[in-house]
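In case you want the letters, here they are:
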Number of protein chains: 4
Amino acid sequence: MSPRTEKQLAEHRTAKREQIVSDALFLFATRGYFNTSISDIAKEVKMSKGLLYSYFENKEQLLNAAIDFALKEATELNLTEDQLKELTPKEIIKEIIEGFFTVLEEKKELWSLIVSLAIHVGSIPSVHTTISKVYKDLTLQLQELFVSMGHPDPENEAFKLGALIDGIGIQYMVFGESYPLRKIKENIINGYMNQKK
Amino acid sequence: MSPRTEKQLAEHRTAKREQIVSDALFLFATRGYFNTSISDIAKEVKMSKGLLYSYFENKEQLLNAAIDFALKEATELNLTEDQLKELTPKEIIKEIIEGFFTVLEEKKELWSLIVSLAIHVGSIPSVHTTISKVYKDLTLQLQELFVSMGHPDPENEAFKLGALIDGIGIQYMVFGESYPLRKIKENIINGYMNQKK
Amino acid sequence: MSPRTEKQLAEHRTAKREQIVSDALFLFATRGYFNTSISDIAKEVKMSKGLLYSYFENKEQLLNAAIDFALKEATELNLTEDQLKELTPKEIIKEIIEGFFTVLEEKKELWSLIVSLAIHVGSIPSVHTTISKVYKDLTLQLQELFVSMGHPDPENEAFKLGALIDGIGIQYMVFGESYPLRKIKENIINGYMNQKK
Amino acid sequence: MSPRTEKQLAEHRTAKREQIVSDALFLFATRGYFNTSISDIAKEVKMSKGLLYSYFENKEQLLNAAIDFALKEATELNLTEDQLKELTPKEIIKEIIEGFFTVLEEKKELWSLIVSLAIHVGSIPSVHTTISKVYKDLTLQLQELFVSMGHPDPENEAFKLGALIDGIGIQYMVFGESYPLRKIKENIINGYMNQKK
DNA sequence: AATGAATGAGTTTTCATTCAT
DNA sequence: AATGAATGAAAACTCATTCAT
């Protein structure tokens, strides 16, 4: 009713868009992509299907937006660039591992969606690039850290840590609350902390 | 004159059934369960939909058959009971790890299906029990081996090895042929072989 | 500018819904429930199958709606409560019989559907309750009328009149226009009018 | 294994045919025509579908055979021609009514099938002739009896008795065992017995 | 004579997407 | 900007009928 400036409108649209993506992500992750209909999403966002289609060309594009969003949320550290500079590689690795476990505990669906898409990476072509890029980036980041720690085989170690993280996510999905998430976290972190250097 | 060698018919049916399961498994694993239609499977097996339904009551039952098949193939060792008895725990673990890598290289789809189901384990109820049981069994088996190796924290170590194995599977899906599967295998096996005891 | 007269939409939907029910009833009654496909109905209503399913969850629910509709139309008298109070039991029975014959002549399908369902009452569970309830209600209503007419065996007489009515409906289906519906009506009514009291 | 004469073979075929018809009738009547598959029938008769098709060209032909069979069974009196000659019209009517009630009690399905087909008489064309012929025959037979009883309006009375009989069948289907079949039978018979002449 | 494997058209139902209002 | 009615293609599943053996 009140007149809006162009800017306000644009902001409103951006906010709405994010809400759609976030709700869609939740549904995709909990029910699976094919088990979630556009109608379901529209209902969740409390918005008509028609309007939803003014934000995203089609379901696949919305999926990609959801993946982007999930990956950003899941891999973002709770540290600023400045804080990062003051840490040793060992400490950064600790931060990464802890960050991962936090996401796993607090935003289960994020990982559920990411991993399930990682596996069926080939079945929806447009998804492939996005997912595999993130895996490569993450592995490279770990690899560099191991290099600076003077690890004898950094590439190998980066792959192994990455695998361990994904695998724990899967076990957590399968075993549910009976899985000793905390204990395993301690164990892994200690493993890296006690390495020479 | 008689209605044709009864036994041959039964054998033919068994063989056909296995072919269906194997083809369905391939499609489920590469394209995803919901993305694979019964028509797709019928086309793959070169058989009418109707006939397919004389083998399996519905799509979900076929999925369960595929999972059974995948789990059996994927977890079966190439050793007889007798051979197993002559090995030390360390050597058995080596066998298990090697067996897993072999499956991963030779029957990619098996792992792809299993893991993808493991993640969305809740969305198809009839699947839940089967999958989580296998995860539990496998973890227990590893745990016992670590116990007999005198490992200080066998449960933890069993979870970690299980996670590592799953995670490597995922990375292999994402990175494809560029993934240094062999090298990582050597590295992991060496890691376990060099442990005290 | 506003999303279009909300009320009109709702009214339109109600009207459309009634049209579907009425057309479906006609097809169910003339061709049988199992012999009428959703496609047939959609074609009759000139509407896509998809839209039809936005009105009724499934075929069985549409059948139940058709039964409700048929029962209401078929058992409703053309009299108001007030008019009813001024009539003697004998006159009410006359009204009931005449009402039945009117429905039979003017809305053949109504009775056709009801009776055909009455017979196979067990084969579609959700239908059973509805149908048998109406039969019970109607019989009781007749019974009470015979009681107040001082009939020596009201229950028996109620069953007999009910049976007569159903049976005439069937004969009318079988014999078609050659059946002397009017004459039989007169005869039955006279029979009841001439009874003592 | 033992050699058969042509005659024995033919007899065997006739017997088998009758068994098929009788079993099919039972299934059609209890589950409905469209709810009974050829496979169901083959299973009931313990015979392959292929062989079944050597007896009947198609499902519709089998239905017609079942109707024929049902009508014969349902309308046949337990009296010989000779016995019939010695009865008065009144007594014959009594026999007919009692015969009907016996069938209703002992072979529920017969009536269930006949009536349900009578109603949907139009939906399967080949059935129409058969059914309506029997209704005509029966009505005529009753009419003649009422003529010889000197009834003032024999046609009307014949229709009414026919209708009553069908209607009672329907009520029996709907109300089940709670329906006072016996009592109603007595009442109807008494009604006709006490008529003057 | 007898089997049941095999087919394919048909059925109910769902859902991404478009469009009049 | 916003709605949800409307469409149509595709999915899972069934079954009468045919045919090789």
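Calculation notes
- Residues numbered from 1 in each chain as written.
- Chains lettered and ligands numbered in written order.
- Predicted model: local features only at pLDDT ≥ 70, side-chain atom pairs only at ≥ 80, totals over all residues.
- Heavy atoms only, no water.
- Domains from an automatic or database assignment.
- Contact = heavy atoms within 4.5 Å.
- Buried area = accessible area lost by both parts, 1.4 Å probe.
- Salt bridge = Lys/Arg side-chain N within 4 Å of Asp/Glu carboxyl O.
- Polar contact = N/O pair within 3.5 Å; in protein donor to acceptor, adjacent residues only side chain to side chain.
- Helix = DSSP H or I, 4+ residues; strand = E, 2+ residues; numbered from the N terminus.
- Axes fitted to C-alpha atoms, helices over the stretch in contact; angles between N-to-C directions.
- Parallel < 35°, antiparallel > 145°, perpendicular 65-115°, else oblique.
- Left-handed = near helix turned anticlockwise from the far one by under 90°.
- Nonpolar A, V, L, I, M, F, W, Y, C, P; charged D, E, K, R; others polar.
- Least-squares fit on C-alpha atoms with pLDDT ≥ 70 in both.
- Expected span 1.5 Å × (residues − 1).
- Buried < 20%, exposed > 50% of the residue type's maximum accessible area, 1.4 Å probe, protein only.
- Arc of directions from axis to C-beta.
- 1 Å grid on protein atoms, 1.4 Å probe; cavity = no way out; pocket = protein on both sides within 12 Å on 5 of 7 lines; lining within 4 Å.
- Points joined across faces, edges and corners; volume = space filled by probe spheres on them.

*Asks:* Describe the domain arrangement of chain A, naming the residues involved and giving the relevant values.
*Replies:* Residues and elements named next belong to chain A. Here chain A is partitioned into domain 1 (6-63) and domain 2 (69-193). Look at where the C-alpha atoms of domain 1 and domain 2 centre, and you get two points 27 Å apart. Between domain 1 and domain 2, the contact holds 10 residues from the first and 10 residues from the second. Summed over both partners, the interface of domain 1 with domain 2 comes to about 840 Å²; 83% of that surface belongs to carbon and sulfur atoms. Among the residues domain 1 hides against domain 2, the three largest losses belong to L25, A29 and L63. Together they make up 51% of the total. Where domain 1 packs against domain 2, one counts 0 salt bridges. Between domain 1 and domain 2 we count 0 residue pairs in polar contact (both at pLDDT 80 or more) in total. Contributions of two or more residues to the side of domain 1 that touches domain 2 are made by α1 (6-31) and α4 (59-75). With 7 residues, α1 is the single largest residue contributor to the side of domain 1 that touches domain 2.

*Asks:* Tell me about the packing of α4 of chain A against helix α7 (residues 108-119) of chain A, and please be specific about residues and values.
*Replies:* All names here are of chain A. The interhelical angle for the contact between α4 and α7, taken along N-to-C directions, is 120°, at an axis separation of 10 Å. It follows from the interaxial angle that α4 and α7 lie oblique. For the pair α4 and α7, the sense of crossing is left-handed. Along its contact with α4, which presents L63, I67, A70, L71, E73 and A74, the element α7 presents L110, W111, I114 and L117. Counted by class, the contact of α4 with α7 contains 9 nonpolar, no polar and 1 charged residues.

*Asks:* If you had to explain the relation of the copies chain B and chain A to someone new, which residues and values would you point to?
*Replies:* Note on the copies: chain B fits chain A at an RMSD of 0.7 Å, the axial shift is 0.2 Å, and the rotation between them is 177°. What the rotation and shift describe, once combined, is the action of a two-fold rotation axis. A shared binding surface is used by both copies, with 98% of the interface residues of chain B retained as interface residues in chain A.

*Asks:* Can you explain helix α10 (residues 181-193) of chain D? Please cite residues and give values.
*Replies:* All names here are of chain D. Helix length check: α10 (13 residues) gives 18 Å between terminal C-alpha atoms against 18 Å at 1.5 Å per residue, within 8%. Residues of α10 that are buried include every one of L181, I184, K185, I188, I189 and Y192, and no others. Seen from one end, α10 has its buried residues packed into an arc of 130°, which puts them on one side.

*Asks:* So, the relation of the copies chain C and chain D: which residues are in play, and what are the values?
*Replies:* For the match of chain C to chain D, the screw axis carries a shift of 0.1 Å, the RMSD comes to 0.6 Å, and the turn is 177°. Interface overlap between copies: 98% of the residues of chain C at the interface are likewise at the interface in chain D, consistent with a symmetric, same-surface contact.

*Asks:* Break down the layout of surface pockets for me, with residues and values.
*Replies:* Reported here for the largest pocket is a volume of approximately 1,100 Å³. Taken together, 33 residues line the largest pocket, and the ones lying closest to its centre are E157, K160 and Q195 of chain C together with K160 and Q195 of chain D. Counting only elements with at least two residues in the lining of the largest pocket, the list comes to α9 (154-175) and α10 (181-193) of chain C together with α9 (154-175) and α10 of chain D. The residue makeup of the lining of the largest pocket, split by class, is 12 nonpolar, 13 polar and 8 charged. By volume, the second largest pocket is sized at about 860 Å³. A per-class count over the lining of the second largest pocket returns 10 nonpolar, 11 polar and 7 charged.

*Asks:* Just give me the short version of the interface of chain B and chain A, but keep the residues and values in it.
*Replies:* Chain B puts 41 residues into the contact, and the matching count from chain A is 41 residues. For the pairing of chain B and chain A, the buried interface totals around 3,600 Å² over both sides, and the portion due to carbon and sulfur atoms is 67%. Three residues, I119, F159 and V174 of chain B, lead the burial of chain B against chain A; their summed loss comes to 17% of the area buried on that side. Viewed at the interface, chain A and chain B are joined by 4 salt bridges. Close ionic contact of K183 of chain A with D153 of chain B constitutes a salt bridge, the shortest N to O distance being 3.3 Å. Along the contact surface separating chain B from chain A lie 8 residue pairs in polar contact (both at pLDDT 80 or more). Listed by contribution, the elements that provide at least two residues to the side of chain B that touches chain A are α1 (6-31), α7 (108-119), α8 (125-148), α9 (154-175) and α10 (181-193) of chain B. Per-element tally for the side of chain B that touches chain A: the top contributor is α9 of chain B, with 15 residues. Of the residues belonging to the side of chain B that touches chain A, the class tally is 20 nonpolar, 14 polar and 7 charged.

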